[in-house]
Every structure is written in C-alpha cells, then in structure tokens.
Amino acid sequence: MDSITAIERTVVPAREARAVRVPQGRRVSVVDLEGGQVGDVFAFAADDVTEHLSASHTRSSTNRLFPAVGERFVTDRRRPILTLVSDTSPGRHDMLIAACDPERYAALGAQPSHASCAGNLHRALASMGLAVPFTPQPVNVFMRIPVDEEGRLDWLPAVSRPGDAITFQAVMDCVLVVSACPQDLVAINGGVPTSLAIDVLPESD
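Everything quoted here is computed from the prediction, not taken from an experiment. (Residues numbered from 1 in each chain as written. Predicted model: local features only at pLDDT ≥ 70, side-chain atom pairs only at ≥ 80, totals over all residues. Heavy atoms only, no water.)

**Thoughts on the state of the cysteines**
Next, step 1: Tallying each qualifying case throughout the model produces zero disulfides.
Next, step 2: Free cysteine: Cys-117, not disulfide-bonded; nearest cysteine sulfur from Cys-100 at 3.6 Å.
Next, step 3: Overall, Cys-117 belongs to the buried group, its relative accessible area being 0%.
Next, step 4: Counting only cysteine sulfurs, Cys-117 is the nearest neighbor of Cys-174, a cysteine outside any disulfide, at a range of 19 Å. (Disulfide = S-S within 2.5 Å. Buried < 20%, exposed > 50% of the residue type's maximum accessible area, 1.4 Å probe, protein only.)

**Things to note about helix H3 (residues 117–126)**
Next, step 1: Among all positions of H3, only Cys-117, Ala-118, Asn-120, Leu-121, Ala-124 and Leu-125 are buried. Viewed along the axis of H3, the buried residues span an arc of 160 degrees, placing them on a single side of the element. (Helix = DSSP H or I, 4+ residues; strand = E, 2+ residues; numbered from the N terminus. Arc of directions from axis to C-beta.)

**Remarks on a nonpolar patch on the surface**
Next, step 1: A cluster of nonpolar side chains, Leu-65, Val-147 and Leu-153, forms an exposed patch at the surface whose accessible area comes to about 220 Å².
Next, step 2: Structurally, the position occupied by Leu-153 is in the loop between strand E8 (139–141) and strand E9 (165–170). (Patch = residues over 30% accessible without salt bridge, like charges linked within 9 Å, V, L, I, M, F, W, Y side chains within 5 Å. Areas by Shrake-Rupley, 256 points an atom, 1.4 Å probe, with all protein chains shown as cover. Salt bridge = Lys/Arg side-chain N within 4 Å of Asp/Glu carboxyl O.)

**Some words on the nonpolar core**
Next, step 1: Grouped together as the largest cluster of nonpolar side chains are 29 residues, with contacts concentrated most on Val-30, Phe-73, Leu-82, Phe-168 and Leu-176.
Next, step 2: It is strand E10 (residues 174–180) that provides the largest number of residues to this core, a total of four residues.
Next, step 3: The residues contacting Val-30, other than those within four sequence positions of it, are Val-41, Val-141, Phe-142, Asp-164, Ala-165, Ile-166, Phe-168, Val-178, Leu-196 and Ala-197.
Next, step 4: Ala-19, Ala-124, Ile-145 and Val-175 belong to the second-largest nonpolar core, a separate cluster that totals 25 residues. (Core = buried A, V, L, I, M, F, W, Y, C linked by side-chain atoms within 4.5 Å. Contact = heavy atoms within 4.5 Å.)

**Describing the sheet that holds strand E1 (residues 8–12)**
Next, step 1: Spatially, E1-E11-E3-E9-E7-E6 is the arrangement adopted by the six strands of the open sheet, whose pairing is antiparallel. The open sheet has two free edges, formed respectively by E1 and strand E6 (72–74), since each of these has just one partner strand. Along the sheet, successive strands turn relative to each other by an average axial angle of 25 degrees, direction set aside.
Next, step 2: Where strand E7 (residues 80–87) lies against E9, five bridges are found, and the strand directions are antiparallel. Following the sheet pairing, Asp-87 is matched in E9 by Ile-166. (Pairing = 2+ DSSP bridges. Axes fitted to C-alpha atoms, helices over the stretch in contact; angles between N-to-C directions.)

**Section: the pattern of salt bridges**
Next, step 1: Scanning all chains against the criterion turns up 11 salt bridges.
Next, step 2: Residue Arg-152 pairs with Glu-150 through a salt bridge whose shortest N-O separation is 2.7 Å.
Next, step 3: For Arg-161, the salt bridge is made with Asp-164, and the minimal N-O distance between the two is 3.0 Å.
Next, step 4: Given the relative accessible area of 42%, Arg-161 is considered partly exposed.
Next, step 5: With relative accessibility at 6%, the residue Asp-164 sits in the buried group.

**As for unusual backbone geometry**
Next, step 1: For Arg-78, which is not glycine, the phi torsion reads 65 degrees and is therefore positive.
Next, step 2: Within the secondary structure layout, Arg-78 lies in the loop between E6 and E7.
Next, step 3: Phi at Phe-142 is positive, roughly 70 degrees, even though this residue is not glycine.
Next, step 4: By the element assignment, Phe-142 lies in the loop between E8 and E9.
Next, step 5: Residue classification places Phe-142 among the buried positions, given a relative accessible area of 1%.

Next up, the structure:
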C-alpha cells in the first residue's frame with residue numbers, strides 16, 4: 001500500500017517511539033523511511049492494555065518462527081489482535097529477540113543514557129496516559145536474525161529499502177507502539193539508526 005494514501009502519518013524519529021490508536025478493521029503500515037532500519041512493534045488491547053501482542057503465543061498459533069502475510073498475531077490471551085496483510089519489503093522480520101533495554105546496553109558497554117526500545121515503549125504509552133508494568137517481546141519488523149541448522153542466531157543488517165512498508169489490519173481496537181530501534185552496537189541497523197513512520201490508512205483501503 002502506498003503511504004501517500006495515509007490519512008494519518010506519525011513520524012517515529014530515530015532512537016524514539018510513538019504510539020497510535022488503531023480502530024478494529026483499520027489498516028496501519030510501518031514504513032522504513034530511509035532503509036535498513038529495524039522497528040520494534042508492540043500492540044495492546046485498547047480496553048485493557050495488560051493484554052498485549054505476544055510473539056511466543058503467535059509462534060505457537062502459526063507454527064512459524066517468523067511472520068508471513070495472511071497470518072494473525074495473537075495476544076497473551078490467545079485472541080487475534082493484528083493480521084499481516086501486505087509487505088513490500090524483502091520480508092525479513094523477527095519474532096525471537098527481546099526489546100533492547102538498559103541492561104542489554106550495559107552488557108555491550110554503552111553509557112547508562114543510551115536509548116532503548118523498552119524505555120521508548122513506556123514513554124510512548126505514557127504520552128497517552130497509559131502504563132504497563134512489563135515490556136512485552138515485540139515483533140521486530142525489518143530485523144534479520146536467521147537461525148542456522150544448529151540453532152545459532154546471527155545479527156545481520158536490515159535489508160529493507162527506503163519506502164518499504166509492512167501493513168497490518170487491526171482485529172480489535174488497539175494501541176500500536178513502534179520504536180525506531182536505537183541499537184548501534186550490533187549490526188542490525190547498519191550502525192546508524194534512522195526514522196520510521198506509522199501510517200493509519202483510510203477505511204476504503
């Protein structure tokens with residue numbers, strides 16, 4: 001879907017996150033504006049944010065490690081929350097890796113002030129007057145973490161191109177949070193985090 005048709009675009013600056021409300025039935029795209037940028041995607045039930053998109057429950061529902069067009073993401077209560085309806089990127093996304101957090105960056109030798117997707121999530125929710133006492137495992141769009149035949153993971157640069165978009169349809173009223181991952185100490189963002197966009201699309205789409 002062409003992001004030009006969006007009725008609402010929210011730019012997610014590099015190293016930050018933004019939250020949007022998505023009504024049931026509406027479509028929403030995460031757009032890689034410059035290419036090569038990972039986005040941590042979180043989703044919460046609008047009427048009870050303690051219910052959230054769960055990567056682990058989704059894997060057990062779809063019998064897949066990674067998402068595919070046409071499949072639904074489910075919550076920790078095993079209810080569908082989003083459907084993946086289209087993807088103009090090379091299709092490399094991740095449902096294995098936890099959101100980066102201060103402890104992750106401390107282990108990598110970063111300064112305590114280093115931004116993280118976990119911190120970004122909670123600030124984005126707070127901007128809507130919402131809070132949760134946990135950080136769910138996100139769906140990491142555009143993130144390339146292949147699993148080899150011995151079960152090892154590799155952290156590779158994202159191969160998404162400028163303007164590539166992954167589009168979801170809300171199965172329930174939800175709050176979607178996208179963090180433009182600030183990771184610059186491993187290769188996933190090519191060392192230089194950049195911006196993303198969230199496009200809420202017209203009902204006719």
